[in-house]
Structure formats: structure tokens, C-alpha cells
Amino acid sequence: MERKAQESTFATQNERSGLPKYVHLPETKHELEYADLAMLDLSEFDRPGGKEKLAEQLRAAAHHSGFFYITNFGLTQAEIDEQFAIAKAFFALPQEERLKYRAPLEEGNYNGYRPLGTLEILPGLYDNVEFYNIFKFIPQTQRVQPDIFREYWGEIEKFHRHMHENVSFKLLRLLAISLELPEEELVNGHLYEANCDSSLRYMMYRARSSEENNSYKDLYLRGHTDIGTMTFVFQQPVAALQIKHTESSHWQHIRIPPGVIAVNLADILQFLTNGYLKSGIHRVISPPEDQASNDRLGLLYFLRPAEQLMLRALDSPYLRKMGYGNEGTAVDPDVPASDWVRERVRKNWTRSPEDNTQSVKMGGFKAKIIYD
Ligand SMILES: O=C(O)CCC(=O)C(=O)O
Ligand SMILES: [Fe+2]
């Protein structure tokens, strides 16, 4: 009932602004090797025994590789496609218009637009990606926004809050259960009203020619782990995202069909659990031949820690039992986890694309910047 009512509201709003309905590209016909990942059905969450079952499933996936899929996450296809349509409209604006919203990147702050060609992928060769991050809907993070976003501000806020307070909180609660911690332990470090760099991201990769792909060794984004707590990647027909289960595994594609979100855990959860939960290693490469000439539009949500969460290993009975306890780990326990996020974003501006041994260190924790 409620879902139907929502869909009809969206139809009216689309007519209001004349935003064309977003049509996803067809999937590739190439046979690719896809990673086998767990699928968590979030509709189980409120069923009797559902949380415990999901927590087990999540713990195994998170310990193995840090990647899994979720479904039945409480957003309609119309709501998701509306976000893609808004994103598409933004990237169709002239470059000088998009540049008006540039984020203060040098300060490690991703609030706003990151222009095309900002990051050196290989020596002398710059990226083909541009993105726009919309930070939380709280007074501290407000900034000037393009008209196309302001027109849909109510819908974007609803979507943003749903991803944060409904979807990501469910996963944080499941992780807490699986670590035998109080259910709100991780949620408390991610409250919506608290200051942090969580963001909804519209992400556009511009197609490259085959000559360019050759000189870039087919790399769109070098191998990396994500900076914050967890990342959500929505439906993506253009096959370019690859993962590695462990550092010594080979790269495999992941497929994200309609109704599914791919999730990866990020650095903070690996630190908090002394490495028991894995920060998923992934990269983006040029798409297969039948998709190579298409631009690739992505929709993502990045969950990042609030200032209240300290970069300090958790005191979890489960982790102690498994030999991942926090005894003697807190070298500098008073560093807010949010400092880590800013430091790693800042580091993107000084990193060398030739050196994949570089790392960022803070509070006794360390992560590599580039994986091949
Ligand atoms: O575009 C994608 O599929 C993933 C992007 C990504 O890994 C990132 O922005 O950190
Ligand atoms: Fe990533």
C-alpha cells in the first residue's frame, strides 16, 4: 500500500521538473568471471530469528572478503532510478557550471564536486572520473548546491537518510550482534545528527578510446580499500568493478542487477576489529568491448564514522575468543575515526602513482593506498 503511494508521488514529481525517466544500459554479453558473494535479504531483519541468521551470514562474508550483496533494502526501483536521473542531469551541465561546486579537496573534504582528471592513475595519466558527493542533511555540512539538486532536495534527503539510518544501521546492528556487542555499539558512532563525511555519491566515468585504455593498462581506478565504514554500490550494468577476496587472490568481476546493492566494508571496521572484518579490496577497469564506448554512471552511498567514534579496537567477547582481541592494541586511543577519513582523502593529492607500497598510518593503524 505504502509503496504504491510512493511510486505515484514520484511520477508526479518527475512530470513537475520534466526530468526524463532514467533508462539503464543493457548488461554485457561477454562471459566474465564473477565473484561468488553472499546475498543478505534484509526483509528477514524484522522476522523472528531473522537478525541472528543474517548476523551469522554477514560475519562469515565480512571475515572472508568484506564483500556481500543485499536485497529488499526498502527502496523502490522508481526511487533509485530517480537518483540516477538527477545524477545524469548534473553531469550533462557544462563543465564551467559543474566546477562552481568544487569540494575543498585539498583539505581532505569531499563535500561537493570532484572534477574530472583530478587523480593520477599512472605516471602522467589522469583519471576519467568525476563525482559529486552530497553530505548529510545537517546544518554543519550545508553548502551551495546546483539547481537540479535543490529541485529534488526533499527526495535526495529521504533517500540519503534511508541509506544511512535504515540500511546501514541494520548492517551495523547485525555486525554488533555477530561480535557479541550491545546492538547499538556501532550505530552510536554513526548517528545521523553527528558530524561526519557520509555521503551519497553520483559518479561518472567517461568512456575512453581503446588506445587510451591500452596506455592506462585498462585501469579506471587503481585497486584500493575504501576510506570509511562501509560502501554501497547500486545497480550497475556496466561491468567494470572487480574485487579480490584477499590480497593474494585474483581479480573477479561483480554483477549488480536491479534490486541488489553490492556492499563492501571499509578500513574503519577492519581497524576496530583488529583485522577480523576485512576492508574489501577492489578496483575499476575498462568495461568489455560491447560496453567500452559507454559512459558509466554510478550511484553509491558511503557510510563514514562520526567524530564520536574513536580509532580504537573494540572490546568484543567474540573477537577475544577468535584471537582478535584488543589487548595491547590501542597505541593512541584518542584519535577520532573521522580524522582518518580526512587524512586519506588529503593523501590522494600527494600520493605517487608509481609506488604501491605507500600507506597511511594513524593511531597505530595502517592501510595501503594502492593495490594493483
Ligand atoms: O564505480 C564503482 O563501481 C566503484 C567506485 C569506487 O570504488 C570508489 O569510489 O571508491
Ligand atoms: Fe572504492
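As the structure is a computational prediction, the values presented were derived from the model and not from experiment. (Residues numbered from 1 in each chain as written. Chains lettered and ligands numbered in written order. Predicted model: local features only at pLDDT ≥ 70, side-chain atom pairs only at ≥ 80, totals over all residues.)

**Structural notes on the overall build of the chain**
- A tally of regular secondary structure across the chain gives ten helices and 16 strands.
- Over its C-alpha atoms the chain spans a radius of gyration of 20 Å, differing by no more than 12% from the 21 Å that the globule rule assigns to 372 residues.
- Taking the principal axes of the C-alpha coordinates as reference, the chain spans close to 55 × 55 × 45 Å.
- A burial count over the chain gives 40% of its 372 residues as buried.
- The long-range share in the chain, meaning contacts at least 24 apart out of those at least 6 apart in sequence, stands at 76%. (Helix = DSSP H or I, 4+ residues; strand = E, 2+ residues; numbered from the N terminus. Rg over C-alpha atoms; globule rule 2.2 N^0.38 Å. Buried ≥ 20, exposed ≤ 12 C-beta atoms within 10 Å, placed from the backbone. Contact = placed C-beta atoms within 7 Å.)

**Looking at the UniProt feature "domain: Non-haem dioxygenase N-terminal" (unreviewed entry) in the chain**
- Mapped onto this structure's residue numbering, the UniProt feature "domain: Non-haem dioxygenase N-terminal" (unreviewed entry) falls at residues 39-142.
- The annotated region residues 39-142 carries 33% helix and 22% strand content, and the separation between its end C-alpha atoms amounts to 35 Å. (UniProt positions renumbered as here; feature names shortened; annotations may be inferred.)

**Points about the pairing of strand S16 (residues 365-368)**
- Alternating positions in S16 separate cleanly, Phe365 and Ala367 being buried on one face and Lys366 and Lys368 remaining unburied on the opposite face.
- Pairing geometry for strand S15 (residues 359-362) and S16, over four bridges, is antiparallel. Bridge pairing links Lys361 to Lys366 in S16.
- Once S15 ends, the chain turns through two residues before running back antiparallel as S16, passing Gly363 with a positive phi of about 55 degrees. (Pairing = 2+ DSSP bridges.)

**Quick notes on the sheet that holds strand S9 (residues 230-233)**
- Taken together, eight strands build an open sheet; the order of strands is S1-S2-S12-S9-S14-S7-S6-S3 and the sheet is mixed. Of all the strands in the sheet, just strand S1 (39-41) and strand S3 (112-114) have a single pairing partner and so form its edges. Strand-to-strand twist in this sheet, taken as the mean axis angle between neighbours without regard to direction, amounts to 25 degrees.
- Relative to strand S6 (residues 129-135), S3 runs antiparallel, the two sharing three bridges. In the sheet register, Gly112 faces S6, and the bridge partner there is Asn133. (Axes fitted to C-alpha atoms, helices over the stretch in contact; angles between N-to-C directions.)

**A word on the pairing of strand S2 (residues 67-71)**
- In terms of burial, S2 is largely enclosed, as four of its five residues are buried.
- Note that S1 and S2 share three bridges and pair parallel. Among the inter-strand pairings, Met39 is bridged to a residue of S2, identified as Tyr69.
- Here S2 pairs with strand S12 (residues 260-265) via five bridges, running antiparallel. When the sheet's bridge partners are listed, Phe67 is paired in S12 with Asn264.

**Looking at the nonpolar core**
- Ranked by size, the top nonpolar core spans 89 residues in total, and within it Leu58, Phe68, Leu175, Phe232, Ile261 and Leu300 carry the most contacts.
- With ten residues, the top contributor of residues to this core is helix H6 (residues 153-178).
- With residues near it in sequence (within four places) discarded, Ile261 still touches Tyr69, Ile70, Phe73, Phe232, Val233 and Phe234. (Core = buried A, V, L, I, M, F, W, Y, C linked by C-beta atoms within 7 Å.)

**Focus: helix H2 (residues 50-64)**
- With 15 residues, H2 ought to run about 21 Å at 1.5 Å a step, and its terminal C-alpha atoms sit 21 Å apart, in line with that.
- If you check which residues of H2 are buried, you get Leu54, Ala55, Leu58, Ala61 and Ala62. Buried residues of H2, seen end-on, are gathered within an arc of 140 degrees and therefore sit on one face of the element.
- Looking at the buried side of H2, the elements it contacts are S1, S2, H6 and S12.
- Looking one or two residues beyond H2, the residue adopting positive phi is Gly66, at roughly 85 degrees. (Expected span 1.5 Å × (residues − 1). Arc of directions from axis to C-beta.)

**Regarding helix H10 (residues 337-347)**
- Those residues of H10 lying buried are Ala337, Ser338, Trp340, Val341 and Arg344. Looking straight down H10, one finds its buried side chains confined to an arc of 150 degrees; they lie on one side.
- Packed against the buried residues of H10 are helix H8 (267-272) and S15.

**Points about the sheet that holds strand S11 (residues 252-253)**
- Taken together, the four strands give an open sheet; going across it, the order is S8-S13-S10-S11, and neighbouring strands pair in antiparallel fashion. Edge positions in the open sheet fall to strand S8 (219-224) and S11, since each of these has one partner strand only.
- Both strand S10 (residues 241-244) and S11 contribute to a ladder of two bridges, which runs antiparallel. Across the sheet, residue Gln242 finds its bridge partner in S11, namely His253.

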